[in-house]
Amino acid sequence: MGMAYNPDQRANDFQVQYVVNTTGDRWFIPYNDNASKTEQVNQCNRVAGHTADDTDVASELVAS
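Predicted, not measured: the structure shown is a model, and the values here were computed from it.

## As for the pattern of salt bridges
Step number 1: Under the counting rule described, the total for this entry stands at one salt bridge.
Step number 2: The salt bridge partner of Asp25 is Lys37, with a shortest N-O separation of 2.7 Å. One end of the pair, Asp25, is in the loop between strand S1 (16-20) and helix H1 (37-48); the other, Lys37, is in helix H1, and 12 residues separate them in sequence.
Step number 3: By relative accessible area, which is 15% here, Asp25 ends up buried.

## Regarding the side chain of Asn45
Step number 1: Tracing the chain through its elements places Asn45 in helix H1.
Step number 2: By relative accessible area, Asn45 is classed as buried at 14%.

## Notes on H1
The α-helix advances 3.6 residues per turn, and as a result positions three or four apart in sequence lie on the same side.
Step number 1: In this model H1 runs 16 Å from its N-terminal to its C-terminal C-alpha over 12 residues, within 8% of the 16 Å that 1.5 Å per residue would give.
Step number 2: Considered for burial, the residues of H1 that qualify are Gln40, Val41, Cys44, Asn45 and Ala48. Down the axis of H1, the sector holding all buried residues measures 140 degrees, keeping them to one side.
Step number 3: Where H1 is buried, its residues contact strand S2 (58-62).
Step number 4: Positive phi appears at Gly49, one or two residues downstream of H1, with a value of about 95 degrees.

Cut-off values and rules
- Residues numbered from 1 in each chain as written.
- Predicted model: local features only at pLDDT ≥ 70, side-chain atom pairs only at ≥ 80, totals over all residues.
- Heavy atoms only, no water.
- Salt bridge = Lys/Arg side-chain N within 4 Å of Asp/Glu carboxyl O.
- Helix = DSSP H or I, 4+ residues; strand = E, 2+ residues; numbered from the N terminus.
- Buried < 20%, exposed > 50% of the residue type's maximum accessible area, 1.4 Å probe, protein only.
- Expected span 1.5 Å × (residues − 1).
- Arc of directions from axis to C-beta.
- Contact = heavy atoms within 4.5 Å.

Purely geometric numbers; function is a separate question.
Below is the structure:
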């Protein structure tokens, strides 16, 4: 069965920036009260996926 959506096969130049208030803030839900902010951001990064060459798709942009 083919995959309809595979976040790990995006074009290598594909990038998404999530605007946050402070460096290290999580980008979006999933939210886990029991995890550190670093673990929450790592979870967000896993959900966002990677490009075909395994580059992270997502990054933070701190609002000014």
